[in-house]
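A look at the structure
One letter stands for each residue in the lines below.
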Amino acid sequence: MKTRTIQKRLLDWYRRGARTLPWRGALDPYAVWVSEVMLQQTRVETVIPYYERWMQTFPDVASLASAPQDEVLRLWEGLGYYSRARNLHKAAVIILRDHGGRLPDTAEKLRELPGVGEYIAGAIASIAFGRPEPALDGNGLRVLARLSGYELPVNTARGKRDLGELLRGLLPAGEAGEFNQAIMDLGAGVCLPRSPRCDACPLAGACAALAQGRQGELPVRNGKKANPHYEVVAAVIVENSCALIDKRSPDGLLGGLWEFPGGKVEDGEGLSQALERELREELGVRARAGDRLGVYRHAYTHFSVTVHAFFTAITAGTPRALQAEKVKWVPIERLADYPMGKVDRSISSDLAKTLQD
């Protein structure tokens, strides 16, 4: 099938039944940027309410750049991968300062912004500015690997480069943004990871995987290593109806979020022993672990945790931020105002319920 035929069939299919999404058809590059960042590693149905709340609160670059980081992270809470929110905030400051509040209009300049890689730069440049740039997400990798019969692993630098160049060669002049979105929609609704709906595919006649009966074999991916698991302890320290929380350093996992102090259990340690050591190292205090508040399990991208939260009493010393950005006593009814990761939010909620009973 010729390139022009592929272009026409896919665009005709897309224009007849494109998904209705709140950011579709947006002429504002800022809206395109926010939506694409949120959609990284997150399902569309999860993103929609977050996107709508975000755009109501931060409708433009200037409002985002001037917001406190805590407000940005609180609005993002529950969406995960918090570095995305921190990078949006950092980039907004740069755009306001260096670009007059307007996003750069080329992929090359966009890639200079924090958190903007090849895919997001291509998506913004093509969708918002009409540039002939490929935007290749996980759905697109799958579509193009099957379409071309690509047999090397797609989750490698070479695989992404090869398929990115294939997509670049397919982009129709003046319609790159629509074509990129059509590829995404095709992967999301038709060229599914399992049981692809080949009978509904506008490109079935050009698909090498379908012709060879290899839809289930492609794309090829390098296997993932088993993720490690850690036991973690957290201290729930309450005095005068206030809880002690600390703010994580701005970089790294959950950077800038607030948490109940604690950390990983080391080899050979009991839970109480680990908690008391962590509080010496983290806050410079002596403490005694008491009753258990709860046990919380969570899986991150590269590891999983079981968190044991204990009511804890300080027996000597004044808490100091030795390993965090700051520590703070917060009224328990105000904990909801402080951005937290999923586990710490669960601890916060259970603490509030326990004290109400």
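Up top is the structure these notes are about.
Residues numbered from 1 in each chain as written. Predicted model: local features only at pLDDT ≥ 70, side-chain atom pairs only at ≥ 80, totals over all residues. Heavy atoms only, no water.

Focus on the overall build of the protein chain
Along its length, the protein chain carries 14 helices and 8 strands. For the protein chain, the C-alpha atoms occupy an extent of roughly 75 × 50 × 35 Å along the three principal directions. Within the protein chain, the proportion of its 357 residues that are buried is 48%. The contacts of the protein chain with a sequence gap of at least 6 include a subset with a gap of at least 24, amounting to 66%. In the structure as shown, the protein chain presents an accessible area of about 17,600 Å², 48% of it carried by carbon and sulfur atoms. (Helix = DSSP H or I, 4+ residues; strand = E, 2+ residues; numbered from the N terminus. Buried < 20%, exposed > 50% of the residue type's maximum accessible area, 1.4 Å probe, protein only. Contact = heavy atoms within 4.5 Å. Areas by Shrake-Rupley, 256 points an atom, 1.4 Å probe, with all protein chains shown as cover.)

Considerations on the state of the cysteines
Tallied over the entire structure, the rule returns 0 disulfides. Cysteine Cys-191 shares no disulfide, and the gap to the nearest cysteine sulfur, in Cys-201, comes to 6.4 Å. (Disulfide = S-S within 2.5 Å.)

A closer look at the packing of helix H3 (residues 44–57) against helix H5 (residues 69–76)
Running from N to C, H3 and H5 point in directions that differ by 155°, and their axes come no closer than 10 Å. Accordingly, the angle class assigned to the pair H3 and H5 is roughly antiparallel. In contact with Tyr-50, Arg-53, Trp-54 and Thr-57 of H3, H5 contributes Glu-71, Val-72, Leu-75 and Trp-76. In terms of residue class, the contact of H3 with H5 is made up of 5 nonpolar, 1 polar and 2 charged. (Axes fitted to C-alpha atoms, helices over the stretch in contact; angles between N-to-C directions. Parallel < 35°, antiparallel > 145°, perpendicular 65-115°, else oblique. Nonpolar A, V, L, I, M, F, W, Y, C, P; charged D, E, K, R; others polar.)

A closer look at the packing of aromatic side chains
Tallied over the entire structure, the rule returns 7 aromatic pairs. Pairing Tyr-30 with Trp-33 gives two aromatic rings, centres 6.0 Å apart and planes at 70°, and the pair type is edge-to-face. Within this pair, Tyr-30 and its partner Trp-33 are both found in helix H2 (residues 29–39), separated by 3 residues, close to a single helical turn. Taken individually, Tyr-30 and Trp-33 each receive the classification buried, so the pair is uniform in this respect. Here the aromatic rings of Trp-54 and Trp-76 are separated by 5.6 Å at their centres, their planes lie at 80°, and the arrangement is edge-to-face. Here Trp-76 lies in helix H5 and Trp-54 lies in helix H3, a separation of 22 residues in the sequence. (Phe/Tyr/Trp six-rings, centres within 6.5 Å; stacked < 30°, edge-to-face > 60°.)

Considering the pattern of salt bridges
Pairs may arise between side chains of opposite charge once their charged atoms sit close together. According to the stated counting rule, one finds 24 salt bridges in the structure shown. With a shortest N-O distance of 3.2 Å, Glu-77 and Arg-74 are connected by a salt bridge. Judged by relative accessible area, Glu-77 falls into the buried class, the value being 11%. The shortest N-O distance in the salt bridge between Arg-97 and Asp-98 comes to 2.9 Å. Residue Arg-97 is classed as exposed on the basis of its relative accessible area of 59%. With relative accessibility at 45%, the residue Asp-98 sits in the partly exposed group. A single salt-bridge network, built from bridges that share partners, covers Glu-266, Glu-269, Arg-277, Glu-278 and Glu-281. (Salt bridge = Lys/Arg side-chain N within 4 Å of Asp/Glu carboxyl O.)

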